[in-house]
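Examination of the molecular architecture
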Amino acid sequence: MSDQLDFSFLDDSIFEPLRSQSGLNSKAFKTLSWEDKTPETNWIRVQYAYELMRDNLHGASVFPGAVASILRSRAWEGYEFRGNVIQASSFRQFVEAQPPQGLGTTINDLMQLCKKYPAVVEGIDQILKEESGNSEGRGSEKSVANKIHYEKSSKGTSLQRSLRQLRFLATSDPNAQKLREKVLHGEISAGHALRELGKKKIRYGVDASPQSVVAFIKKHLTPEQI
């Protein structure tokens, strides 16, 4: 378990879609607070996320909120099912285990279901980074090295990689920190933020015809550049 991760960026703007879908939410789930982290309430979070995923109900807006609730409560570390407390050894194990031991999916699929909410993808990626070093003992040199390697790795979706790069840049660049906050609140895309920081090239699509190429050149290049 890590006490170092700060999921405060998973705020009510992420959770709100759950509360607004009154036809889908049980009263118990709608009234859960972020701080209510008992095995009983953790099970409500896990059960609801699984049911949403299984039934594909409002997945684009509601499911990421359910995952955000699981992340902030660290529900996989202990939830009660029929009198027994289930504890996954890692978030990845929880995601991949079949219900009721987990969600019965893959990390890649989970990322795809949450991709419209960068803050949730960021939360998942931070957990995976933390767990990448846990097997070597927290705080050990190898653990730290593994986490640094994960931070710089090319694994995951393009959104994951962009968020990692922003996270790294934000540690030493105040402007990057501001742009990262905008990304996590859904105000701009991660790609846009990296372009603002000069860390990502702008790509244009041009039809393969002479007319399109000429029009593109006239629009984007100065006479001196031509």
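Everything that follows concerns the structure shown earlier in this document.
So, how was this worked out
Residues numbered from 1 in each chain as written. Predicted model: local features only at pLDDT ≥ 70, side-chain atom pairs only at ≥ 80, totals over all residues. Heavy atoms only, no water. Helix = DSSP H or I, 4+ residues; strand = E, 2+ residues; numbered from the N terminus. Buried < 20%, exposed > 50% of the residue type's maximum accessible area, 1.4 Å probe, protein only. Contact = heavy atoms within 4.5 Å. Areas by Shrake-Rupley, 256 points an atom, 1.4 Å probe, with all protein chains shown as cover. Phe/Tyr/Trp six-rings, centres within 6.5 Å; stacked < 30°, edge-to-face > 60°. Core = buried A, V, L, I, M, F, W, Y, C linked by side-chain atoms within 4.5 Å. Salt bridge = Lys/Arg side-chain N within 4 Å of Asp/Glu carboxyl O. Axes fitted to C-alpha atoms, helices over the stretch in contact; angles between N-to-C directions. Parallel < 35°, antiparallel > 145°, perpendicular 65-115°, else oblique. Nonpolar A, V, L, I, M, F, W, Y, C, P; charged D, E, K, R; others polar.

1. Re the overall build of the protein chain
From N to C terminus, the protein chain includes twelve helices and two strands. When the elements of the protein chain are put in sequence order from the N terminus, they spell out α-α-α-α-β-β-α-α-α-α-α-α-α-α. Buried residues in the protein chain amount to 40% of all 226 residues. Of the contacts made within the protein chain by residues no fewer than 6 positions apart, 52% connect residues no fewer than 24 positions apart. Total accessible area on the protein chain stands at roughly 12700 Å², and carbon and sulfur atoms take up 49% of it.

2. Regarding the packing of aromatic side chains
Under the defined criterion, the tally for this structure stands at six aromatic pairs. Grouping aromatic residues by their ring pairs yields a cluster made of Trp43, Trp76, Tyr79, Phe81, Phe91 and Phe94.

3. Examining the nonpolar core
The biggest cluster of nonpolar side chains holds 50 residues, and the ones touching the most others in it are Leu71, Phe91, Phe94, Val120 and Ile124. Only helix H3 (39-55), helix H4 (63-73), helix H5 (91-96), helix H6 (107-114), helix H7 (118-134), helix H9 (158-170), helix H10 (174-184) and helix H11 (190-196) provide two or more residues apiece to this core. When residues no more than four places from it in sequence are discounted, the contact partners of Val120 are Leu10, Ile14, Pro64, Val67, Ala68, Leu71 and Cys114.

4. A few points about the side chain of Ser90
Note on placement: Ser90 falls in the loop between strand S2 (84-86) and H5. A residue is classified by how much of its surface remains accessible, and Ser90, at 18% relative accessible area, is buried. In contact with Ser90, not counting residues within four places along its chain, are Trp76 and Glu131.

5. Remarks on the pattern of salt bridges
Following the criterion strictly, the structure yields six salt bridges and no others. The network of salt bridges with common partners includes Glu122, Asp125, Arg164, Arg167 and Arg180.

6. Quick look at unusual backbone geometry
Here the amide bond leading from Pro99 into Pro100 is cis, since omega sits at 5°, within 30 degrees of zero. With respect to the secondary-structure elements, Pro100 resides in the loop between H5 and H6. Its identity as a non-glycine residue notwithstanding, Arg74 has a phi of 50°, on the positive side. Using a relative accessible area of 15% as the deciding quantity, one classes Arg74 as buried.

7. Let's talk about the packing of H4 against H6
H6 packs onto H4 with a crossing angle of 120° between their chain directions and a minimal axis gap of 8 Å. With respect to each other, H4 and H6 are oriented oblique. Contact residues: H4 offers Phe63, Pro64 and Val67, while H6 offers Leu110, Leu113 and Cys114. Looking at the contact of H4 with H6 residue by residue, the class counts come to six nonpolar, no polar and no charged.

8. With respect to H4
For H4, a buried count of ten out of eleven residues is recorded, marking the element as mostly surrounded by other parts of the structure. Regarding H4, the residues found buried are Phe63, Pro64, Gly65, Ala66, Val67, Ala68, Ser69, Ile70, Leu71 and Ser73.

Everything listed is a geometric property; what it means functionally is a separate question.
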